[in-house]
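Here is how the chains run, residue by residue.
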Amino acid sequence: MDGIFRGRGVNTVKQWIQGLLPVALLAILLVLFFNYGPLGIFNTAFPPVEELTIERVVLSEPNRITLHVMNGGPNSVSIAQIMVDDAFWQHWTEPQTQTIPRLGHMKVHIPYPWVEGETHEVTLLTSTGLTFSREIPVATQSPRVDFLYLWTFALLGIYAGVIPVFLGLLWYPFLRELNASWISFFLSLTVGLLVFLAVDTLDEALNSAEVVPGVLQGVSLVAIGIISSFLILLYLSHLKRGHSDKEEGRFWKRYRTARMIALGIGFHNLGEGLAIGSSYAVGEIALGTSLVIGFTLHNITEGLGIVAPIAKDRPSIIQLIGLGAIAGGPTILGTWIGGFSYSPVWAALFLAIGVGAILQVIYELTLLVVKRQEVAFYSSYNLLGFLLGLGVMYGTGLLVVV
Amino acid sequence: MAKKFNRRWMLGGTVGAVSLARGTGIVGSPIPSADQSVLGAHEAGVMSTMGDVDLTRFDPSTFLQSFDYGQVSQLSSGQTLREWEIIAVDQEIEIAPGVYFPAWTYNGQVPGPTLRCTEGDRLRIRFANGGSHAHTIHFHGFHPADMDGVFEVIMPGGEFVYEFDAEPFGLHLYHCHSVPLKRHIHKGLYGAFIVDPKKPRAVAREMVMVMNGFDTNFDGDNEVYAVNTVAFHYHRHPIKVQLQERVRIYLVNLLEFDLINSLHIHGNFFDVFRTGTGLVRDEFTDTIMMCQGERHILEISFRHPGKFMFHAHQSEFAELGWMGFFEVVESTL
């Protein structure tokens, strides 16, 4: 095994000591600090900083409100009493204790006669008298994991994600007949709509990050998610696959780009599914016909984007179906997760990964447009295509503001 | 129905809800029968706090019937002299089970001791400020301007002696008058001050009720409401009175932030002696509304045995702790 030092085998003990010395000194410093350090000056009469987050509210049955609480503060917190709509209410907890340790979770069950369709507010009163509240904007029975709900949400995902993507793929024969300038136009249009999706997904990721308990550093988590997924996907898409630079090899390269687009859009649609599922679960949206149609229109251009890079090629039907499944399928998964166990932390992370994936695709597609010798990069086709891509997504987005 | 509900709920695997076993949960629905030992919750669940406070530190049931007549002696003029020592201290108090409030107190308790004297007595109150902020004691009643507890602000470590004659007879109050006034009062510096008429009122079972509230998160809004500080105390520990017995309630409103407070007693009516300054009743009612600083003497005798609820008729206050029971028992004599 190769050593990690330059002078292989020589002086390695000394080098290890040099490497570990700061860590050892830090450990000693910490011990001294905790035992003899100036912590005393921080001990004041102030109540300790407490930070509880009600991550999730479940109305599982007519007389039951269940809260999922997380302690994101520096100290353990004791929940002394519970108020619902400005009234103290008896309750029980899982686990059976009042105190939540740092980073700990607790479920609070309150037998409370909530009113269908009306607004309620639950408040945790801690031992120091601090209050942490969460509104239930429109009370409605939370979805239970049963066949009916799974099917309903799956159907929702199919309408909002799968069908439009496949409809978009049907543009494939049309695209194939286009000349080089117009293909470039549609590639630019795809970049435009992906830029819109990246911004939109980032917005959703940051919204989720806002309600993430402070200790989990939602915004940093989003940044890390974006950068890591971008870099990892970039690395994966540039792995040598053993294809020659012949025509077949170039097809595979373009097909891989299409697949990456499908994957990026898939992540975006996962986020969309999360939004639909969780909004539905907390009663924030009534999923009317117009909303579902809105999603369908909004997502149809995504299918177009996927096939644009391979417009001149002859992929098999199976390959096309595969692309559609990668892009549309996650919507179903998203609605399930969002509907049954929405957690802002995971939502923020998923959405951030989606942003990274979309950015990576934008990068690849832009390269593809640049490399096309038939059309100049700064052509009016490319500009108009790009702007139209943004415009179409914005316009159809008006139909689906949740 | 209530019994069935509680049992079912217990069987439902909710060991955490131990205090339910006492079955003192109530909701706004009327109580079906007076002799019921388990008071009514319907299917909806149980409105109240969980557990109990540490009663060894402050027991509102004891406070209810405690009157501090002071150290009594005679002046050479023959006038009765009553002396008290009151010290302001910062003290954490438990205002609902498990909920602690960083209070400012007179003698370590909220409300402060109920001071009681007779019209015409000379009162001498030695006040020491052991707290972290400047405080005073402002008494309601007749007294000279320099005994008003407004301009003579007592700094931490300082002392002052208030001395004046007790008049007029009635139910009064005392509280800190340092600024910011709102904070000094709502943090707990107040108490009841009773001046009895020279000819005593008829013998009765007497109790003092100071209606108050606590803004635990300091947002200018009360989280906890109570009578005598502890939310739902008399709900957990009903006040036992005898059938037909004359009960006299010294009721003082010191609730901060909310404009008005009120008291309603179920199933009965009471005589109201407004501010306690008269001996003829002013009103016969079952609900009385009071502004901050208002106080009245109520007299009532219960006609039926059983549990009778009393609470603020502002439902919000009631459900946030200002609620309790009288338990009327037949005389054993």
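In case you missed it, the structure is sitting above this.
Residues numbered from 1 in each chain as written. Chains lettered and ligands numbered in written order. Predicted model: local features only at pLDDT ≥ 70, side-chain atom pairs only at ≥ 80, totals over all residues.

Asks: Looking at this structure, how should I read the overall build of chain B?
Replies: A count of helices and strands for chain B gives five helices and 20 strands. Buried residues in chain B amount to 46% of all 333 residues. In chain B, 67% of the contacts between residues at least 6 apart in sequence involve partners at least 24 apart. (Helix = DSSP H or I, 4+ residues; strand = E, 2+ residues; numbered from the N terminus. Buried ≥ 20, exposed ≤ 12 C-beta atoms within 10 Å, placed from the backbone. Contact = placed C-beta atoms within 7 Å.)

Asks: I'm lost on the interface of chain B and chain A in this one. Help?
Replies: Opposite the 28 residues of chain B that make contact, chain A presents 24 residues. Listed by contribution, the elements that provide at least two residues to the side of chain B that touches chain A are β3 (99–106) and α5 (315–319) of chain B. For the side of chain B that touches chain A, the element with the most residues is β3(B), which contributes three residues. Of the residues assigned to the side of chain B that touches chain A, the class counts are 14 nonpolar, 10 polar and four charged. (Nonpolar A, V, L, I, M, F, W, Y, C, P; charged D, E, K, R; others polar.)

Asks: I keep staring at helix α8 (residues 317–340) of chain A and nothing clicks. Help me out?
Replies: An α-helical turn contains 3.6 residues, so a residue and the one three or four places further along point in the same direction. In this model α8(A) runs 34 Å from its N-terminal to its C-terminal C-alpha over 24 residues, within 8% of the 34 Å that 1.5 Å per residue would give. The axis of α8(A) is deflected most strongly, by about 35°, at I326(A), and proline P330(A) appears within four residues downstream. (Expected span 1.5 Å × (residues − 1). Bend = angle between axes of the 7 residues up to and from the residue.)

Asks: I keep staring at the nonpolar core and nothing clicks. Help me out?
Replies: Within soluble globular proteins, side chains that are nonpolar generally end up buried alongside one another. Counting residues in each nonpolar core, the largest one holds 110 residues, and the members touching the most others are I95(B), Y250(B) and W322(B). Here W322(B) is in contact with M211(B), Y225(B), A226(B), V227(B), H311(B), A312(B) and F317(B), once residues within four sequence places are set aside. V165(A), A308(A), I337(A) and I358(A) belong to the second largest nonpolar core, which has 70 residues in total. (Core = buried A, V, L, I, M, F, W, Y, C linked by C-beta atoms within 7 Å.)

Asks: Honestly, the sheet that holds strand β8 (residues 131–136) of chain A in this entry has me stumped. Any pointers?
Replies: The strands making up a sheet associate through hydrogen bonds between their backbones, and the pairing can be parallel or antiparallel. All names here are of chain A. Sheet architecture is open: four strands sit in the order β5-β3-β7-β8, paired in antiparallel fashion. Of all strands in the sheet, those with a lone pairing partner are β5 (99–100) and β8, marking the two edges. Summarising the sheet, strand β3 (residues 77–84) and β5 pair through two bridges and their orientation is antiparallel. Bridge pairing links V77 to I100 in β5. (Pairing = 2+ DSSP bridges.)

Asks: So what exactly am I meant to see when it comes to the packing of helix α4 (residues 180–210) of chain A against helix α5 (residues 218–237) of chain A here?
Replies: Packed helix pairs are characterised by how far apart their axes lie and by the angle those axes make with each other. All names here are of chain A. Where α4 meets α5, the closest approach of the two axes is 8 Å, and the angle between their N-to-C directions is 145°. In the packing of α4 onto α5, the handedness of the crossing is right-handed. Contacts from A205, L206, A209 and E210 in α4 reach G218, V219, L221 and V222 in α5. A class-by-class count of the residues in the contact of α4 with α5 yields six nonpolar, one polar and one charged. (Axes fitted to C-alpha atoms, helices over the stretch in contact; angles between N-to-C directions. Left-handed = near helix turned anticlockwise from the far one by under 90°.)

Asks: It is not clear to me how the environment of G385(A) should be interpreted in this structure. Could you clarify?
Replies: Residue and element names in this part refer to chain A. Residue placement: G385 occurs in helix α10 (residues 380–397). Remark: the alpha-carbon pair of G385 and T190, spanning 195 residues in sequence, is separated by 7.9 Å. Residues in contact with G385, not counting those within four places in the same chain, are F185, F186, S188, L189 and G192.

Asks: Would you take a moment to explain unusual backbone geometry for this structure?
Replies: In most cases, non-glycine residues show a negative phi, while peptide bonds are predominantly trans. Geometrically, the link from E94(A) to P95(A) is a cis peptide bond, its omega value of -5° lying close to zero. Checked against the element boundaries, P95(A) lands in the loop between β4 (92–94) and β5. Positioned with a positive phi, L103(A) is a non-glycine residue whose angle comes to about 65°. Structurally, L103(A) can be placed in the loop between β5 and β6 (105–110). A tally of 13 C-beta atoms within 10 Å means that L103(A) is categorised as partly exposed. Phi is positive for N228(B), which is not a glycine, with a value near 60°. Along the chain, N228(B) turns up in the loop between β11 (224–227) and α4 (233–236). Its 23 C-beta neighbours within 10 Å are what place N228(B) among the buried residues.

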